[in-house]
Each structure stands twice: as structure tokens, then as C-alpha cells.
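The primary structure of each chain is shown beneath.
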Amino acid sequence: MSLPDFRQRRGGKKAFQFNMIVVGASGLGKSTFVNTLCGQQVIPRRAVDDPSQCAIEKTIAINPITVEIEEDGMKMQLTVVDTPGFGDNIDNSSNFAEILGYIERQYDDLLAEESKIKRNPKFNDNRIHVLLYFIQPTGHSLREIDIELMKRLSARVNIIPCVAKADSLTPKELADFKKRIMEDIRYYGIQVYDFPFDEEDEDEETVEENMELRSLLPFAVVGSDEEINVNGRLIRARQYPWGVVEVENLKHCDFARLRYVLLSSHLQDLKELTHDVLYEAYRSEKLSKLEG
Ligand code: GDP
Ligand code: MG
């Protein structure tokens, strides 16, 4: 299918590039989420017959993966950066620095490119448009490490908090947990992406949609590497002795809403905020440091 004209004029192929990073403690399902979002096994499972390896590859390094996907009939280039789970070390500050360093390096690359006399037409803008932060489904509240990480990174990247492995909480536990997390986020002054809108400018529908999405925060995520036959249809799900958790069923979790936000409804807003606010702040800090 060919793209409508206006899209091509507005920025050619690059308009369809979207870059995200997935961060959180190890074992929270980050790699599984990436596979689920991409609808394909982009992060391989380890060979089961190798006893020295666990069933699924442990992410060991910051690892960008680019896939072409189609959402709403639009082809797009999606880059997902999978990060090693932290929390395994006593001191996690080096993990934070590594993630922050990665995000800032993408800004530096663009900054260097922008100051060239002759710019490279093939330059790849790899700035991260959103960071998905995976919260352990403890049912309690945020841990110190969650607070610290989100606080540190929120000046540089849009953060969307997510409850990992949401199928391990009952609906009531999940609702209470979500509420406490948002109370913590406000209490500690953590800036997350909360579907901002300008009441004056937006139509009623947009305001309503954004309010509803805001009320879902943090998104309850379930991922799966498997497709299971449910009533004759193969769907991405997790099979338990007592039933099936369907990844895309909105009664089971918020995965489908989150995917729609990322790849369709709020993609442009996340990109604009990255460029107009976050990158701009970085650029002016960097340049004033050079001058001063
Ligand atoms: P990562 O270390 O954050 O990348 O976590 P992985 O994606 O490697 O997943 C760790 C384990 O959690 C695996 O056994 C997955 O099958 C399991 N897992 C992944 N997503 C979910 C989920 O949504 N719910 C539950 N219950 N388990 C999950
Ligand atoms: Mg992983």
C-alpha cells in the first residue's frame, strides 16, 4: 500500500521512525514485552538443551533492535532498546549512568550532525522518544530504586511507568497498587508522561481520551512469547492451570492500549516533546557549558 501524499511531504520515511527504551529490574518481562510488541521473536530464547543457560536469554548489554512493523495500515520503523535488568548489584548508580549515557549520546550525535557544514542526508536520528519503566508487581508501592531512576532520567526522556507481569495481581490489588504508585509519583515530584493537553486548544474528544489514558497510569503490562489456541483462534496469551491471560484483552491488561498509544495515537506527541522540550533543554545546557 502506498502512503498518502501529505505524510510523504511532511518528512518522508523518517516520520515513521519511533525509538523506545525498556528499563527495569531483571526478570520483569522486558525482553518478553519487546517480542510481544513487535509481534515476533526479536529477542531469541536460549536453547533449552543447554543446562548452563536459563530458558530465556538474559539481556547483558544495551541492545537496540530495529524492526519494520505495520500499525493501522502504516509501515513504520520501530527501534526498541532492551536494557540489562538492574537491581542485581548493590550499587545501581552505574546502571543509571549507563542508561542516561545512552540517551544523551543520541542527542550528542544529532548535535554534532546539526553543526556540520555539509550534513549527511542519511543521518539516523536515534533519539529515544519514550522510556517504558517496568515496576515490580509487589502490590506495595514504589521502591527507592524506582523513584531514583525515574527522577534522574525524567529530565532527558519521556517516561511511561508500567506495572510488569500484571497478571500476578488480582484486579483489586492491581487497582490499589496503581493508585499508590501514582501517589508516590506525585509525592516525590517525578515527572512522567501524563498525556498532557491544553484544555483551550483541544477538542472534547481529545481531552476525554487523554483523561482516560491518564487514569490508566501506570499501564498494566502482560507479555508472552507464545500463541495459544483460544476458541479456534491463535492469540498471544499466557496459559495457567486456571485459565488463559490474553495479552490483547483489555479486561486482562492494558497492553493493547499501551501499544496503541506508542505506535499510533501519541507517537507524534512523544516525538515532538522529545524534540521541542527535552532535546532543546539538553542542547542549550550543553552549548552554554561550552561558552561559559
Ligand atoms: P527481563 O529480564 O526483564 O528481560 O525478563 P524476561 O522477558 O526475560 O522474562 C523473565 C521471565 O518472566 C520469563 O520466564 C518470562 O516468561 C516471564 N514473564 C514475562 N512476561 C511476563 C508476564 O507478563 N507475566 C508473567 N507472569 N510472567 C512473565
Ligand atoms: Mg531481558
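The chain has the name Septin-type G domain-containing protein in an unreviewed UniProt entry, where Allomyces macrogynus is given as its organism. Quoted verbatim from the Sequence similarities (unreviewed entry) heading of the UniProt record, the comment on the chain is "Belongs to the TRAFAC class TrmE-Era-EngA-EngB-Septin-like GTPase superfamily. Septin GTPase family."

**Q** Sorry, what's going on with the sheet that holds strand β4 (residues 130-135) here?
**A** The strand order β2-β3-β1-β4-β5-β6 describes an open sheet built from six strands, whose pairing is mixed. Lying at the two open borders of the sheet, with one neighbouring strand each, are β2 (63-71) and β6 (219-220). As judged from the six bridges shared by strand β1 (residues 17-24) and strand β3 (residues 74-82), these two strands associate in the parallel manner. Bridging from a neighbouring strand, Asn19 pairs with Thr79 of β3. Taken strand by strand, helix α5 (residues 171-187) contacts β4, β5 (159-163) and β6, and its axis lies near 150 degrees from that of β5.

**Q** Quick question: what am I supposed to make of the packing of helix α6 (residues 204-216) against helix α7 (residues 255-265) here?
**A** When two helices pack together, you describe them by how their axes are tilted relative to each other and by the distance separating the axes. It is at 11 Å that the axes of α6 and α7 come closest, and there the two elements cross at 135 degrees. In terms of their interaxial angle, α6 and α7 are classed as oblique. Note that α6 runs across α7; the crossing there is left-handed. Residues Glu209, Glu212, Leu213 and Leu216 of α6 pack against Arg257, Tyr260, Val261 and Ser265 of α7. Each residue belonging to the contact of α6 with α7 can be placed in one class, and the counts come to four nonpolar, one polar and three charged.

**Q** Would you take a moment to explain the pattern of salt bridges for this structure?
**A** Opposite charge on two side chains makes pairing possible when the charged atoms of those side chains draw close. Here the structure, examined in full by the defined rule, presents 14 salt bridges. The salt bridge partner of Asp108 is Lys286, with a shortest N-O separation of 3.2 Å. In this pair, Asp108 is assigned in helix α3 (residues 93-114) and Lys286 in helix α8 (residues 267-291), connecting sequence segments 178 residues apart. With a relative accessible area of 25%, Asp108 lands in the partly exposed category. Residue Lys286 is classed as partly exposed on the basis of its relative accessible area of 32%. Linking Lys179 and Glu183 is a salt bridge whose minimum nitrogen-to-oxygen distance equals 3.9 Å. Taken together, the residues Lys179 and Glu183, both in helix α5 and four residues apart, mark about one turn of the helix. Lys179 sits in the exposed class, given a relative accessible area of 55%.

**Q** Explain the environment of Val34 to me, please; I cannot follow it from the model alone.
**A** Along the chain, the position of Val34 falls in helix α2 (residues 30-38). Residues Val34 and Ser288 lie 254 residues apart in sequence; the distance between their C-alpha atoms is 38 Å. Leave out the neighbours within four places in its chain, and Val34 touches Val22, Val42, Ile43 and Val80.

**Q** So what exactly am I meant to see when it comes to the packing of aromatic side chains here?
**A** Aromatic ring pairs are reported here in terms of the distance separating the ring centres and the angle at which the planes meet. Under the definition given, this model contains eight aromatic pairs. Each residue in the set Phe33, Phe134 and Phe255 is aromatic and connected to the rest through ring pairs, giving one cluster. Looking at Arg127, its charged tip hangs above the ring of Tyr279, at a distance of 4.8 Å from the centre.

**Q** Any chance you could explain the site of ligand 1 here in plain terms?
**A** Close to ligand 1 lie 15 residues, the nearest being Gly27, Lys30, Thr32, Asp167 and Gly223. Note that an oxygen atom of ligand 1 is positioned 2.7 Å from one of the backbone N or O atoms of Gly27. Arg238 is positioned with one of its side-chain polar atoms (N or O) 3.1 Å from a nitrogen atom of ligand 1. If ligand 1 stood free it would expose 590 Å²; the protein chains cover 80% of that surface.

**Q** How should unusual backbone geometry be read in this particular structure?
**A** Keep in mind that most residues, glycine aside, have a negative phi and that most peptide bonds are trans. For the peptide bond that leads from Leu217 to Pro218, omega is -10 degrees, which places it in the cis range. For Pro218, the location among the structural elements is in the loop between α6 and β6. Even without being glycine, Phe195 reaches a positive phi, approximately 55 degrees. Accessibility expressed as a relative area gives 0% for Phe195, which makes it buried. In this model, Asn231 sits at a positive phi of 50 degrees, which is unusual for a non-glycine residue. Topologically, Asn231 is positioned in the loop between β7 (227-230) and β8 (233-240). Classification of Asn231 by relative accessible area gives exposed; the value is 79%.

**Q** Mind showing me how you'd approach the sheet that holds strand β9 (residues 243-246) here?
**A** The strands that make up a sheet are held in pairs by hydrogen bonds between backbone atoms, and each pair lies either parallel or antiparallel. Strands sit in the order β7-β8-β9 across an open sheet of three strands; the sheet is antiparallel. Looking along the sheet, the strands with just one partner apiece sit at the ends: β7 and β9. Neighbour-to-neighbour, the strand axes of the sheet open up by a mean angle of 70 degrees, direction not taken into account. Relative to β9, β8 is paired through four bridges, and the arrangement is antiparallel. The residue of β9 that forms the bridge with Ala237 is Glu246.

Conventions used here
Residues numbered from 1 in each chain as written. Chains lettered and ligands numbered in written order. Predicted model: local features only at pLDDT ≥ 70, side-chain atom pairs only at ≥ 80, totals over all residues. Heavy atoms only, no water. UniProt positions renumbered as here; feature names shortened; annotations may be inferred. Pairing = 2+ DSSP bridges. Helix = DSSP H or I, 4+ residues; strand = E, 2+ residues; numbered from the N terminus. Contact = heavy atoms within 4.5 Å. Axes fitted to C-alpha atoms, helices over the stretch in contact; angles between N-to-C directions. Parallel < 35°, antiparallel > 145°, perpendicular 65-115°, else oblique. Left-handed = near helix turned anticlockwise from the far one by under 90°. Nonpolar A, V, L, I, M, F, W, Y, C, P; charged D, E, K, R; others polar. Salt bridge = Lys/Arg side-chain N within 4 Å of Asp/Glu carboxyl O. Buried < 20%, exposed > 50% of the residue type's maximum accessible area, 1.4 Å probe, protein only. Phe/Tyr/Trp six-rings, centres within 6.5 Å; stacked < 30°, edge-to-face > 60°. Lys NZ or Arg CZ within 6 Å of the ring centre and 35° of its normal. Near = heavy atom within 4 Å. Polar contact = N/O pair within 3.5 Å; in protein donor to acceptor, adjacent residues only side chain to side chain. Areas by Shrake-Rupley, 256 points an atom, 1.4 Å probe, with all protein chains shown as cover.

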